[in-house]
Amino acid sequence: MDAFSSSFISTLSPTTIIPQPILTPSSSNYISRLNISSVRIEDKPATQVKSTTTTPRSPSTPVSTTVPKRRAEPTVPTLIFNAFEDLINNFIDPPSKPSVDPKHVLSNNFAPVDELPPTECEVIQGSLPPCLDGAYIRNGPNPQYLPRGPYHLFDGDGMLHSIKISQGRAIFCSRYVNTHKYIAERDAGSSLLPNVFSGFNGLTASAARGALSAVRILAGQYNIADGIGLANTSLAFFGDRLYALGESDLPYAVRLTSNGDIETIGRHDFDGKLIMSMTAHPKTDPDTKETFAFRYGPVPPFLTYFRIDSDGKKQPDVPIFSMTRPSFLHDFAITNKYAIFGDIQIVMNPTEMIFGGGSPVGSDPNKVPRLGVIPRYAKDESEMRWFDVPGFNIIHAINAWDEDDGNTIVMVAPNILSVEHTLERMDLVHALVEKVRIDLKTGIVTRNPMSARNLDFGVINQAYVGKKNKYVYAAVGDPMPKISGAVKLDVSKGERQECIVATRLFGGACYGGEPIFVPKQPDNPEADEDDGYVVSYVHDEKSGESRFLVMDAKSPHLDIVAAVKLPRRVPYGFHGLFVRKNDLDKL
């Protein structure tokens, strides 16, 4: 989740840009020097055989001849720059906190993996339902180089893990998103840019890393005008394009080939109409096919709202100047009439970061959270209204809809408790899913908790985006960022009622990720909202194996109807989606 980096660094002078510590895989003692005992990077398959017959392939057999370009050996200037960086990491700003210590952050299944070409998988339980004709793809951080200095979970390069399903067969593939940053650093044989969430830690460290970064840029090693984003947060399909997203940069268009490989098409600016960045959580209206989005940053306007029409054409920006200070705006919600934004206690604090030490994002306990409501087709912010909602801090929004002829807005979202721990101690954060009702006539906001459990990464049947829905599928924190299971909530239940109606715990040392709902009959408007399946990658930390699970969304225990053994482990990550075959064909 590479939030803030592009917009923030663009405001800094060359002497305040911060590089990332790096060791190249060619260094004979680089693992021992790192002292990250729990980190391992899997090797590529020794051979990648292209099939020339119709004989069925055995599981775990690569089906592509595509070989990713090997990382280059660092040049002499790069080795010199890295030596200075070692001094900074060892003597000025060593990774002292667990939240930025790579030995802690990259332990167990958070450790990075290498790319894997398309590889056939074995269905080890049940059978894959016919409606899963397409691909499940999940994004997440996977650092190209193991860090020697401070590293935060959000700082990793984006890697897509895809399982393409057709006629009951499954092909798995893992590829980096070929961002400008990834390619430049791969070709240089070294990291060239700072870790935004972990590289800023006090005035001395910031000045030292900034000076070194300025030298790298002046030496022509990197052109920041081409973007610095990681594209490691989520994916979205709209306008007949598939995008890998990270909110510090423009979207990167990607595609799946017929054999299941993943290709990066390139950075997309919508004919030059999108500048700087875009949210990693755009919302697409299932009826109009319009996509609504925003960007945010550390300089006014701190929030800019816009939409993309059904043909993929970006419409004019709507700057929101009534947001008076930079805030962490990771997600938002839409209804048939409105867009809803959260102005929360998690704020961007570059001054405190440089002079006080710490992350570019922090918390302000004195700030009163509020919700902003604007007509979704607004041409300016004249109709923007803000409502104070003390104690309500949302990072993810699940859904929202209109009631009472548009005079009331209902939103379902997790409320982040202990917000001060969001970046440094995610294990202490509890997310409480709430239903919030905004009476636009009286201005009264009421809230009702849906469950006492620690739940986040909530998703719905995408046919109900912006409409009143009944069911939510959410991940169980054990604690966050680990996911011990998935639950189904009935948000139509009355106040003070437990809304969980189905639970699937993965058991033992097994952990998963965001659950994704896939409808059985996506083109049938009469189908039940919950008639479908919930899918996710799940990893067993004892055996070291990962699986793709398919669960029956209607069953009271989210019964497993199919399990696919993956050819190698899938690191824990962030957000994903399921893309149907007819949409994949459009790519």
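The rules we used
- Residues numbered from 1 in each chain as written.
- Predicted model: local features only at pLDDT ≥ 70, side-chain atom pairs only at ≥ 80, totals over all residues.
- Heavy atoms only, no water.
- Helix = DSSP H or I, 4+ residues; strand = E, 2+ residues; numbered from the N terminus.
- Contact = heavy atoms within 4.5 Å.
- Areas by Shrake-Rupley, 256 points an atom, 1.4 Å probe, with all protein chains shown as cover.
- Expected span 1.5 Å × (residues − 1).
- Buried < 20%, exposed > 50% of the residue type's maximum accessible area, 1.4 Å probe, protein only.
- Arc of directions from axis to C-beta.
- Pairing = 2+ DSSP bridges.
- pLDDT = per-residue confidence, 0-100.
- Polar contact = N/O pair within 3.5 Å; in protein donor to acceptor, adjacent residues only side chain to side chain.
- Axes fitted to C-alpha atoms, helices over the stretch in contact; angles between N-to-C directions.
- Parallel < 35°, antiparallel > 145°, perpendicular 65-115°, else oblique.
- UniProt positions renumbered as here; feature names shortened; annotations may be inferred.
- Phe/Tyr/Trp six-rings, centres within 6.5 Å; stacked < 30°, edge-to-face > 60°.
- Lys NZ or Arg CZ within 6 Å of the ring centre and 35° of its normal.

1. Brief notes about the overall build of the protein
Tallying secondary structure elements over the protein gives 9 helices and 33 strands in all. Taking the intrachain contacts of the protein between residues at least 6 apart in sequence as the baseline, contacts between residues at least 24 apart amount to 65%. Accessible surface, the protein as shown: approximately 22,600 Å² in total, 51% of it carbon and sulfur.

2. Topic: helix 3 (residues 76-92)
Counted at 1.5 Å a residue, the expected span for helix 3 with its 17 residues is 24 Å, and the 24 Å between its end C-alpha atoms agrees. Those residues of helix 3 that fall on the buried side of the exposure criterion are T78, F81, N82, E85, D86, I88 and N89. The buried residues of helix 3 occupy an angular sector of 165° when the element is viewed end-on, so they sit on one face. When the buried face of helix 3 is taken as reference, the exposed residues oriented beyond 90 degrees from it are V76, F84, N90 and F91.

3. Examining the sheet that holds strand 12 (residues 303-308)
Here 4 strands make up an open sheet; going across it, the order is 10-11-12-13 and the pairing antiparallel. The two strands at the open ends of the sheet, each matched to only one other strand, are strand 10 (283-284) and strand 13 (318-320).

4. Considering the confidence of the model for the protein
In regions of low pLDDT, the predicted coordinates are not meant to be interpreted in detail. Of all residues in the protein, 86% attain a pLDDT of 70 or more, and the chain-wide mean is 87. Scored below 50 in pLDDT, residues 63-67 shows 18 contacts in the model against residues more than four places distant or in partner chains.

5. Some details on the side chain of R295
Along the chain, R295 falls in strand 11 (residues 291-296). Side chain to side chain, R295 and D317 meet in a polar contact 2.9 Å long. Residues within four places of R295 in sequence aside, it is in contact with L274, I275, S277, M278, F302, L303, T304, F306 and D317.

6. Observations regarding the side chain of D93
Following the sequence through the fold, D93 ends up in the loop between helix 3 and helix 4 (102-105). Among the polar contacts listed, one links the side chain of D93 to the side chain of R209, at a separation of 2.7 Å. Residues contacting D93, with those up to four places away along its chain left out, are I88, P150, S198, G199, N201, A205 and R209.

7. Re the pairing of strand 12
Each regular strand carries side chains that alternate between the two faces of the sheet. Buried residues dominate strand 12, accounting for 5 of its 6 residues. Of the pairings in the sheet, the one linking strand 11 to strand 12 comprises 6 bridges and is antiparallel in character. When the bridges of strand 12 are listed, A293 appears paired with F306. Relative to strand 13, strand 12 runs antiparallel, the two being bridged by 3 bridges. For L303, the partnering residue across the bridge sits in strand 13 and is I320.

8. Re the sheet that holds strand 5 (residues 169-176)
The 5 strands lie next to each other as 1-5-4-3-33, forming an open sheet whose pairing is antiparallel. In this open sheet, the two strands that pair with only one neighbour each are strand 1 (116-120) and strand 33 (576-580). Looking at each pair of strands side by side, their axes are set apart by 15° on average, direction ignored. Direction of pairing for strand 3 (residues 134-141) relative to strand 33: antiparallel, over a ladder of 5 bridges. Directly across from G134, in strand 33, lies its bridge partner R580.

9. Here's the deal with unusual backbone geometry
Cis geometry marks the peptide bond from P300 to P301, where omega comes out at -10°. Relative to the elements of secondary structure, P301 occurs in the loop between strand 11 and strand 12. Following M480, the chain continues to P481 via a peptide bond in cis, the omega torsion being 10°. Of note in the backbone geometry, N108 takes a positive phi value of approximately 50° without being a glycine. Looking at the secondary structure, you find N108 in the loop between helix 4 and strand 1. A relative accessible area of 46% places N108 in the partly exposed class. The phi dihedral of S418 falls on the positive side, at around 50°, and the residue is not glycine. Inspection of the secondary structure puts S418 in the loop between strand 21 (408-417) and strand 22 (430-439). Given the relative accessible area of 33%, S418 is considered partly exposed.

10. Topic: the packing of helix 3 against helix 7 (residues 203-218)
At their nearest, the axes of helix 3 and helix 7 sit 11 Å apart, and the two run at 175° to each other. The pairing of helix 3 with helix 7 is recorded here as roughly antiparallel in orientation. Across the interface between the two elements, T78, F81, N82, F84, E85, I88, N89 and I92 of helix 3 pack against T204, A205, A208, R209, L212, V215 and R216 of helix 7.

11. A few points about the UniProt feature "binding site: Fe cation" (unreviewed entry) in the protein
Using the residue numbers shown here, the UniProt feature "binding site: Fe cation" (unreviewed entry) corresponds to H281, H330, H396 and H575. The greatest C-alpha distance among the residues just named is 12.6 Å, despite their covering 295 residues of sequence, which places them together in space. Along the chain, H396 turns up in the loop between strand 19 (385-388) and strand 20 (399-403). The class of H396 is buried, set by a relative accessible area of 7%. Setting aside its immediate chain neighbours within four residues, H396 contacts H281, H330, D331, A413, P414, D456, F457 and H575.

12. A short note on the environment of A225
Looking at the secondary structure, you find A225 in the loop between helix 7 and strand 6 (234-238). Taking relative accessible area as the criterion, A225 reaches 60% and is therefore assigned exposed. Sequence-wise, A225 and H180 are 45 residues apart; in three dimensions their C-alpha atoms are separated by 9.9 Å.

13. So, the packing of aromatic side chains
On inspection of all chains with the given rule, the structure shows 18 aromatic pairs. Here the aromatic rings of F238 and Y243 are separated by 4.8 Å at their centres, their planes lie at 35°, and the arrangement is tilted. Y243 sits in the buried class, given a relative accessible area of 2%. With 5.3 Å between their ring centres and 10° between their planes, Y473 and F517 make a pair best called stacked. You can see Y473 sitting in strand 25 (residues 471-477) and its partner F517 sitting in strand 29 (residues 516-519), a full 44 residues away along the chain. The pair formed by Y473 and F517 is uniform in burial state, with each residue classed as buried. Linked through ring pairs, F294, Y296, Y305, F328, F332 and F341 together constitute an aromatic cluster. The positively charged end of R370 is found above the aromatic ring belonging to W386, 4.0 Å away from the centroid. The lysine or arginine in question, K482, covers the ring of Y511, its NZ or CZ lying 4.5 Å from the ring centre.

14. With respect to the pairing of strand 26 (residues 483-490)
Burial runs high along strand 26: 8 of the 8 residues are buried. Relative to strand 26, strand 25 runs antiparallel, the two sharing 7 bridges. Its bridge partner lying in strand 26, Y473 is registered against K488. Pairing geometry for strand 26 and strand 27 (residues 500-505), over 5 bridges, is antiparallel. By the bridge assignment for strand 27, G485 is matched with L505.

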